[in-house]
Amino acid sequence: MKNKFGVAALALALTAGLAGGALAQSHLRIGLAEDPDVLDPTLARTYVGRIVFSSICDKLFDIDEKLNIVPQLALSHETSGDGKTMTIKLRPNVKFHDGEALTAEAAKYSLDRHLTMKGSFRKPEIASVESVDVVDPLTIKLNLKAPFSPLLAQLTDRAGMMVSPKAAEAAADKFGLRPVCAGPFKFVERVQQDRIVVEKFADYWNKDNVFIDKITYLPIVDSTVRLANLRSGGLDMIERVLATDIKTVRDNNKLKLIAAVELGYLGITMNLANGPKANTPFAKDARIRRAFELSLDRDAINQVVFNGEFVPGNQWINPTNFYYQQAFPVPKRDLAKAKALLKEAGVSGPITLDFMVPNGPETRAVAEVVQSMAAEAGFDLKIRVTEFATSLKQAEDGEFQLFLIGWSGRSDPDGNSYAFQVCNQPQNNGKFCDKEVDDAHAKARVTSDPAERKKIYETVAARFLAAGTVVYLYHRRVLVALSDKVDGYKQMPDGLIRVVGVKLK
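1. Looking at the overall build of the chain
- Within the chain, the regular secondary structure consists of 16 helices and 21 strands.
- For 505 residues, the compact-globule estimate of 2.2 N^0.38 gives 23 Å, and the chain sits close to it at 23 Å.
- Principal-axis analysis of the C-alpha atoms gives the chain an extent of 65 × 60 × 35 Å.
- For the chain, buried positions account for 56% of its 505 residues.

Okay, structure coming up:
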């Protein structure tokens, strides 16, 4: 493990390892909190992966600072009056990193791949698309099974990323080892748990706004080490600064801090029906799970672990979001009620639960606070710290009873809820299944009026918050720290690090 060398030693080693030409002004070094999973837009599911994708894989659309949807690889879109077709005009003269042109055929290939590839995490995001037609060399038409209000928002993320058909066909299921997209930077190399290197793509459609020649992404799990390397000059930017380090960054006149409330959440996923580990009274009785939630004090977690910098919450969107359901406010801790519910459920002794926690100082700290709080109600949580990518695989396989895991968030509420709450969806690791919730989600997806959609989501909240698989805890602040040598950086609400327009002084 890197940590055994200590903060100072690793900072020195990293700085030395990146010496010489690698420290040229055109080389941007970004510290990541984890190592991403597979770099295939169709199969990927991690937040850090999305950060890397933002440099190598452009999307049909993007978002701006106010969550407006803006063109990227597309020039425009038009939705039919009945909401069942969307016609997209593509930007001309766009090339993939292998020199192939982005045509309507290539765009159709990418969307079809998202819809049909085995293991695709994009399929539920754009499942309403029945087929994709090529209208002309730079126009595609998406034919929908029914109107789908979140579609454009989905195309601002991985579902809208275009991959080179030639490269994808040649690599098959190994595409993620050497992705070929149409972004400002092209993939060069990856050393697992060590670095990902990308270089400026000379034929990028917006190359006049790319001022960095090379980016190295360095996964450094220990946030103290990440910050030490930023302070020493070994890194230029880091993501997920600890809330407890905010003052340290602000007090350093050579550093800048960017902060924004995330679109996503952090919560505890509960295994209700995924394999043998779900064969417990906890999984089968909603009263026991409700007692567990009532043992937790979200405000205290925020104060103890994050110095009050984060936003306590109990839903898949934060309390300032238009779609937040005010009828279901953040519940206060109530130990007496928790114990009464356990008694009502016939529980007499401590309830022992396997608590899987991805490795990281903040997640470990949150887990320990949760463990202590829950113990007072009669729960015995066995914390099992697990490497991040491994924890995702174990969650899929049902190798957990509780899983402390977050979601980086999407601009449309469907992106924070559907894949986690609807029966048999790929990120529904706890295997919650409720016909009323499914029906409500389906209805929300075909409703374009925001007020009507919000009313529909009230049904989802009523059922899922009472008996679902996730105890939502809080909404993090996106905390990105950067050297004063970095200029032109703008933080978008999705928390991703975008490199177009960024310069090194």
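Having seen it, we continue.
2. Digging into the state of the cysteines
- The final tally for this structure, using the stated rule, is two disulfides.
- In this model, Cys 57 is linked to Cys 181 through a disulfide, with the two sulfur atoms separated by 2.1 Å. Its torsion about the S-S bond being 55°, the disulfide of Cys 57 and Cys 181 is classed as right-handed. Here Cys 181 lies in the loop between helix 5 (165-171) and strand 8 (185-191) and Cys 57 lies in the loop between helix 2 (47-56) and strand 2 (61-63), a separation of 124 residues in the sequence.
- Of the residues examined, Cys 57 reaches a relative accessible area of 2% and is grouped as buried.
- For Cys 181, a relative accessible area of 1% gives the class buried.
- A disulfide bridge connects Cys 423 with Cys 433, and the sulfur atoms are separated by 1.9 Å. Taking the torsion about the sulfur-sulfur bond, which here is approximately 105°, the covalent link between Cys 423 and Cys 433 counts as right-handed. In this pair, Cys 423 sits in the loop between helix 14 (414-421) and helix 15 (435-445) while Cys 433 sits in the loop between helix 14 and helix 15, placing the two residues 10 residues apart along the sequence.
- In the chain, numbering the disulfide-bonded cysteines from first to last in sequence yields the connectivity 1-2, 3-4.

3. Here's the deal with the sheet that holds strand 11 (residues 237-239)
- Across the sheet, which stays open at both edges, the seven strands sit in the order 8-9-10-1-11-19-12 with mixed pairing between neighbours. Across the chains shown, the open sheet's two edge strands, defined by having one partner strand only, are strand 8 and strand 12 (255-261). Each adjacent strand pair in this sheet contributes to an overall mean axis angle of 20°, direction not counted.
- Of the strands in this sheet, strand 1 (27-32), strand 11, strand 12 and strand 19 (477-483) are in contact with helix 6 (residues 223-232), which crosses strand 11 at around 160°.

4. Looking at the nonpolar core
- The biggest cluster of nonpolar side chains holds 69 residues, and the ones touching the most others in it are Ile 268, Phe 292, Val 370, Phe 379 and Leu 473.
- Discounting residues that sit within four places of it in the chain, Phe 379 has contacts with Phe 282, Ile 288, Ala 291, Phe 292, Leu 342, Ile 351, Leu 353 and Ala 374.

5. Remarks on the packing of helix 9 (residues 286-294) against helix 11 (residues 335-344)
- Between helix 9 and helix 11, the least distance of the axes is 8 Å, while the angle of their chain directions is 160°. With respect to helix 11, the axis of helix 9 lies roughly antiparallel. As helix 9 packs across helix 11, the resulting crossing turns out to be left-handed. Facing Arg 287, Ile 288, Arg 290, Ala 291 and Leu 294 of helix 9, the residues of helix 11 in contact are Leu 335, Lys 337, Ala 338, Leu 341, Leu 342 and Glu 344.
- A breakdown of the residues in the contact of helix 9 with helix 11 according to their chemical character gives seven nonpolar, no polar and four charged.

Conventions adopted
- Residues numbered from 1 in each chain as written.
- Predicted model: local features only at pLDDT ≥ 70, side-chain atom pairs only at ≥ 80, totals over all residues.
- Heavy atoms only, no water.
- Helix = DSSP H or I, 4+ residues; strand = E, 2+ residues; numbered from the N terminus.
- Rg over C-alpha atoms; globule rule 2.2 N^0.38 Å.
- Buried < 20%, exposed > 50% of the residue type's maximum accessible area, 1.4 Å probe, protein only.
- Disulfide = S-S within 2.5 Å.
- Pairing = 2+ DSSP bridges.
- Axes fitted to C-alpha atoms, helices over the stretch in contact; angles between N-to-C directions.
- Contact = heavy atoms within 4.5 Å.
- Core = buried A, V, L, I, M, F, W, Y, C linked by side-chain atoms within 4.5 Å.
- Parallel < 35°, antiparallel > 145°, perpendicular 65-115°, else oblique.
- Left-handed = near helix turned anticlockwise from the far one by under 90°.
- Nonpolar A, V, L, I, M, F, W, Y, C, P; charged D, E, K, R; others polar.

Honestly, that's just the spatial picture; any functional story needs more than this.
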